[in-house]
Amino acid sequence: MRPVIRSASADDLPALVALDEVCFGSDAWSAVSWSAEFDRLSEDRVILVADEGAVVGYVVLLVPPVSLDVVELLRIAVTPAERRTGIGGQLMTAALSKCSGRTVLLEVAAGNESATGLYRAFGFEEISRRRGYYAGGEDAVIMRWREEE
């Protein structure tokens, strides 16, 4: 069964907090941080979830007013049991459809090959690195996507 990709609601908050903890461990956003994201939904945040009767993935975008042309992909995650099933691709497709005519930036750990592979498959390109940015000295890779003209 393919999940439904839909806008998140406040009812999804506990599931998102739990999924974030599973996917990001000590780098997970706190429940307070997630609540703040929901407080900004009507302002400049887009949160989409992959729903199979339960939340199995999500993506968070910072989408400023249309006068600003850069969107930031802040977070994307899929529950470990559902990885490599196409859900990440579905979430990326849905997220990028919200970014028509804009540039999208993201940051990812250099060693996260599954994430960088997904991003490259969608046309993201590395534009910069932050050397030793993450704990343990791992580089952060800054990637950019621009809609094909």
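See the structure shown above.
If you're wondering where the values come from, they're calculated on a predicted model, not measured in any experiment.

*Asks:* I tried to follow the sheet that holds strand β3 (residues 55-62) on my own but got confused; where do I start?
*Replies:* Each strand in a sheet pairs with another by means of backbone hydrogen bonds, the pair being arranged parallel or else antiparallel. Taken together, seven strands build an open sheet; the order of strands is β1-β2-β3-β4-β5-β7-β6 and the sheet is mixed. The strands lining the two open edges of the sheet, one partner per strand, are β1 (4-7) and β6 (125-130). With strand direction ignored, the average angle separating the axes of adjacent strands in the sheet is 25°. Two elements, β6 and strand β7 (residues 140-146), share five bridges in a ladder whose sense is antiparallel. Bridge pairing in β7 places R130 opposite A140. Lying on the sheet, helix α2 (residues 31-39) is in contact with β2 (45-51), β3 and β4 (70-78); it crosses β2 at an angle near 110°. The sheet strands contacting helix α4 (residues 113-121) are β4, β5 (103-109), β6 and β7, and the helix crosses β5 at an angle near 160°.

*Asks:* What is the right way to read the pairing of β7 from this model?
*Replies:* Looking along a regular strand, one sees the side chains alternate between the two faces of the sheet. Counting buried residues along β7, five of its seven residues qualify, which places the element largely inside the surrounding structure. Across seven bridges, β5 lies against β7 in antiparallel orientation. Bridge pairing in β7 links A109 to A140.

*Asks:* It is not clear to me how the layout of surface pockets should be interpreted in this structure. Could you clarify?
*Replies:* With a probe scaled to a water molecule rolled over the atoms, the places where space remains empty come into view. Of the pockets and cavities examined, the largest pocket occupies roughly 1,100 Å³. The wall of the largest pocket is formed by 34 residues, among which F24, I76, N112, A115 and Y119 lie closest to the centre. Secondary structure elements with two or more residues in the lining of the largest pocket: α1 (13-24), β4, α3 (87-97), β5 and α4. At eight residues, the largest contribution of residues to the lining of the largest pocket is made by β4. Of the residues that constitute the lining of the largest pocket, the class distribution is 20 nonpolar, six polar and eight charged.

Basis of the calculations
- Residues numbered from 1 in each chain as written.
- Predicted model: local features only at pLDDT ≥ 70, side-chain atom pairs only at ≥ 80, totals over all residues.
- Heavy atoms only, no water.
- Pairing = 2+ DSSP bridges.
- Helix = DSSP H or I, 4+ residues; strand = E, 2+ residues; numbered from the N terminus.
- Axes fitted to C-alpha atoms, helices over the stretch in contact; angles between N-to-C directions.
- Contact = heavy atoms within 4.5 Å.
- Buried < 20%, exposed > 50% of the residue type's maximum accessible area, 1.4 Å probe, protein only.
- 1 Å grid on protein atoms, 1.4 Å probe; cavity = no way out; pocket = protein on both sides within 12 Å on 5 of 7 lines; lining within 4 Å.
- Points joined across faces, edges and corners; volume = space filled by probe spheres on them.
- Nonpolar A, V, L, I, M, F, W, Y, C, P; charged D, E, K, R; others polar.

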